[in-house]
Amino acid sequence: MAQEASSSTSSKTISLKTGDGEIFEIEASAAKQMKTVQRLIDDLGDDITIPLHNVFSKELPKIIEYYKKDITGEITKDFEAEFVKDLNDDEVKVLFLAANYLDANKLFEFLSQNIADRLESKSVEYVRKYFGVENDFTPEEESKLREERAWSFRGIKEDE
Amino acid sequence: MTDMESDRISCLPDHIIDQILSHLPIKEAGRTSVLSHIWRNKWSTQPDLVFDRQCVPAATSKDPSVSKIKFLRIIDDVLLLHSGPINKVKISAGYDLIDMNSVADIDRWILHLTKRSFKKLVLDFWLDEPYKIPCYLFSCQSLHRLELYWCSLKPPTTFEGFRNLKSLHLEQVTMTQDAFEKLISGSPLLEKLKVAYLYGFTQINIHAPNIKCVQIIGKFEGISFDNTPQLAKVLVEQTSQSRLHGCSSNLVNFFDHLPNIQVLLIHSYFIKYLFADVVPVKLPTPCINLTTLQISINFNNLKEISAVLCLLNSSPNLQRFGIYARLEEHADHLSPVSYCWEDIFSEPVMPFKLQRVKIEDISGTKCELDFIRFILLYSPVLEKMTVKPVLNVTSKLMTELIRFRRVSGQVEVIYHVKDSS
């Protein structure tokens, strides 16, 4: 049954349940920044635990951490640098996909920039693996393209 | 990695890939064309094109002529292969990535772009002579934002303005006064204007019904606004006092057309232009919407101090105030000026509503200290005052400050010592 969203969201917390069954609490004002979550709250009410099938216990705490800082207006370049410092490329990608699923725009933008930064100077093979792209060029096609885009390939280390 | 995780990771939806590509510089994006057939053209539909130093890493070529050739080649290649709408083009080549030999190439790129209806153009390169903007740019009515450095603008006689232009930034640009005025008044949607060091004329007249923010920097002789009811933020920096005319109407003319001014920054010598004539106690019409004011003055010049007080008395809703001591070229700042406190710092009709005040580059002269004392005495709701002296000032200034009587119960006075590093 749909309930009216409560008008004061200042100290209210929302329960979120990950795809692997764990429950996390988040402040209602932070939940507002994740449009998917907000839509679920509007449909299901804010007293029910919101199920997030596609987000897991490994990444949700990190996302909650980001938005906790966001609602106090404390997100700085330093905080963002620190936030991704110890994450490897795949961990960032998982967070990025979760931000996309949750429709959490600020985090999504920030992580897409971070991924772009990480991919600079990486080899083509690495980027293929990262995006899960299968190479459907013949060796001749590929080498012709590489020649055409020679200016793109200067200074890049290629995988063996 | 579990099976479940690798399944999730292996396919990224299109819009996500576009998002990441949009953050990659051109050089990196170009390489994605080799990933697979689907990717081959993805990079070439990116709507924002930035050509800058990142395209030609320094390590790859020590020979500047080779770097130039590479830079040209990249722009040619990208523009040729690009498909889809182009939103922004920025060419940021400094002094060394493009030279006069490439003027024809630049003309050609601009011609190509005008046919593609793009919205934002930034030309930031410094040739031996200002780049002459080709006439076909003036027929490009899709432009929203134009940012030009070291160019010369000679619009054709048929040019009547840019119908969709919202933001204009001209720096070290040569043009006639007529061309400038036509450009401004013929671009009715213009909201933001920044001009820094214009060559070819010295009277800057701005007639722009939708303009909200204006910045003017340079050695102009006169400024006027006409029909600018929405103008909320103005910065003027007059970098030379040798051009100033004594004209009694400067002040009235300036403020008459700024009824809704909210933020005003008066830098370098502009205060002298405004108050070329006698300084009134206050302006004929108060600036009721002004909430932020920043001024550069010579604290040794009593007329300029009176000018500041005139503005403070005319801004009943001012909350943030910053004042910067300007060092004059002559040595008269060494000899102290004598005056009577009551003559200069008379009690204002209404106490100030100032909440935050910044005072910078002072050296601890009597005038400066009196000014600070004055502010503290008549600002009952002041929350924070920050004082940043120039280097080599003794701590005597600090002890003086602490002694001053403050009317505001909660004011925090912060004294910043400038880092000598």
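Rules of the game
- Residues numbered from 1 in each chain as written.
- Chains lettered and ligands numbered in written order.
- Predicted model: local features only at pLDDT ≥ 70, side-chain atom pairs only at ≥ 80, totals over all residues.
- Heavy atoms only, no water.
- Helix = DSSP H or I, 4+ residues; strand = E, 2+ residues; numbered from the N terminus.
- Buried < 20%, exposed > 50% of the residue type's maximum accessible area, 1.4 Å probe, protein only.
- Contact = heavy atoms within 4.5 Å.
- Areas by Shrake-Rupley, 256 points an atom, 1.4 Å probe, with all protein chains shown as cover.
- Lys, Arg positive; Asp, Glu negative; His and termini not counted.
- Charge placed at Lys NZ, Arg CZ, Asp CG, Glu CD.
- Pairing = 2+ DSSP bridges.
- Buried area = accessible area lost by both parts, 1.4 Å probe.
- Salt bridge = Lys/Arg side-chain N within 4 Å of Asp/Glu carboxyl O.
- Nonpolar A, V, L, I, M, F, W, Y, C, P; charged D, E, K, R; others polar.
- Axes fitted to C-alpha atoms, helices over the stretch in contact; angles between N-to-C directions.
- Parallel < 35°, antiparallel > 145°, perpendicular 65-115°, else oblique.
- Left-handed = near helix turned anticlockwise from the far one by under 90°.
- Phe/Tyr/Trp six-rings, centres within 6.5 Å; stacked < 30°, edge-to-face > 60°.
- Lys NZ or Arg CZ within 6 Å of the ring centre and 35° of its normal.
- Arc of directions from axis to C-beta.

Looking only at helices and strands, chain B features 12 helices and 18 strands. A principal-axis box enclosing the C-alpha atoms of chain B has dimensions of 80 × 65 × 40 Å. Going through the 421 residues of chain B one by one, you find that 50% of them count as buried. The contacts in chain B between residues at least 6 apart in sequence include a share of 66% that link residues at least 24 apart. Of the roughly 19700 Å² that chain B leaves accessible, carbon and sulfur atoms contribute 53%. In chain B, 46 positive and 44 negative side-chain charges are present, and the distance between their average locations comes to 3 Å.

Residues and elements named next belong to chain B. In terms of residue burial, strand β5 (residues 145-149) counts as a mostly covered element, since 4 of its 5 residues are buried. Inspection of the sheet shows strand β3 (residues 120-125) paired to β5 by 4 bridges, in the parallel sense. Looking at the pairing, V122 lines up with E147 of β5. By the bridge criterion, 5 bridges tie β5 to strand β7 (residues 167-174) in an arrangement that is parallel. The partner of L146 across the bridge, within β7, is L168.

On to the interface of chain B and chain A, then. Taken together, the 34 residues of chain B in the interface contact 43 residues of chain A. Carbon and sulfur atoms supply 64% of the area buried between chain B and chain A, which totals about 3600 Å² over both sides. Between the two partners, chain B and chain A, sit 1 salt bridge. Between A:R149 and B:D77 there is a salt bridge, with its nearest N and O atoms 3.5 Å apart. Of all the secondary-structure elements, those providing two or more residues to the side of chain B that touches chain A are α1 (3-10), α2 (14-22), α3 (26-31) and α4 (64-81) of chain B. The biggest single contributor to the side of chain B that touches chain A is α4(B), with 6 residues. Considered class by class, the residues forming the side of chain B that touches chain A number 16 nonpolar, 10 polar and 8 charged.

A word on the sheet that holds strand β3 (residues 50-51) of chain A. Residues and elements named next belong to chain A. With respect to topology, 3 strands assemble into an open sheet ordered β2-β1-β3, the strand pairing being mixed. Taken across any chain shown, the strands that pair with only one partner, and hence form the sheet edges, are β2 (23-27) and β3. Of the pairings in the sheet, the one linking strand β1 (residues 13-17) to β3 comprises 2 bridges and is parallel in character. Bridge pairing in β3 places L16 opposite I50.

On to the pairing of strand β14 (residues 292-297) of chain B, then. All names here are of chain B. Counting buried positions along β14 gives 5 out of 6 residues, so the element sits mostly inside the fold. Where strand β13 (residues 263-268) meets β14, 4 bridges bridge the pair, whose relative direction is parallel. For I266, the partnering residue across the bridge sits in β14 and is I295. Two strands pair when backbone bridges link them, and β14 and strand β15 (residues 320-325) are joined in this way by 6 bridges, in the parallel orientation. Bridging across to β15, I295 finds its partner in I323.

We now examine helix α2 (residues 35-44) of chain A. Residues and elements named next belong to chain A. Residues of α2 that are buried include every one of T36, V37, Q38 and I41, and no others. Those residues of α2 that are buried lie in contact with β1, α1 (28-31), β3 and α5 (89-102). Trailing α2 by a residue or two, G45 shows a phi angle of about 95 degrees, which is positive.

All names here are of chain B. Interaxial distance between helix α9 (residues 302-313) and helix α11 (residues 366-377) falls to 12 Å at its minimum, and their mutual angle equals 15 degrees. Relative to α11, the element α9 is oriented roughly parallel. Judged by the twist between their axes, the crossing of α9 over α11 is right-handed. Side by side, α9 and α11 meet where I305, V308, L309 and L312 of the first sit next to C367, F371, F374 and I375 of the second.

Inspection of the entire model under this criterion finds 33 aromatic pairs over all chains. With centroids separated by 6.4 Å and ring planes inclined at 55 degrees, the aromatic side chains of A:F83 and A:F110 adopt a geometry described as tilted. Remark: A:F110 occurs in helix α6 (residues 105-119) and A:F83 occurs in helix α4 (residues 77-85); sequence separation between them is 27 residues. Each member of the pair, A:F83 together with A:F110, is buried. Here A:K122 stacks its cationic end above the ring of A:Y126, 5.1 Å away from the centre of that ring. Lying across the ring of B:W341, B:R373 places its NZ or CZ 4.2 Å from the centre.

Right, let's talk about helix α6 (residues 177-185) of chain B for a bit. Residues and elements named next belong to chain B. Among the residues making up α6, those that are buried are A179, F180, L183 and I184. Down the axis of α6, the sector holding all buried residues measures 125 degrees, keeping them to one side. Next to the buried residues of α6 lie β7, β8 (192-199) and β9 (203-207).

Residues and elements named next belong to chain B. Its place among the elements puts D52 in the loop between β1 (48-51) and α4. Buried and unpaired, D52 has K90 as its nearest opposite-charge partner, separated by 6.1 Å. Not counting residues up to four positions away in its chain, the partners in contact with D52 are F71, S92 and L97.

This part is about the pattern of salt bridges. Using the criterion set out here, one finds 25 salt bridges over all chains in the structure. For A:K122, the salt bridge identified is with A:D89, shortest N-O distance 3.8 Å. In this pair, A:K122 sits in the loop between α6 and α7 (124-131) while A:D89 sits in helix α5, placing the two residues 33 residues apart along the sequence. On the basis of relative accessibility, which here comes to 13%, the residue A:D89 falls in the buried class. Two residues, B:D105 and B:R108, come together in a salt bridge whose shortest N-O distance is 2.5 Å. With a gap of 3 residues between them, B:D105 and B:R108 both fall in helix α5 (residues 103-114), about one helical turn apart. Judged by its relative accessible area of 19%, B:D105 is buried. Residue classification places B:R108 among the partly exposed residues on the basis of a relative accessible area of 40%.

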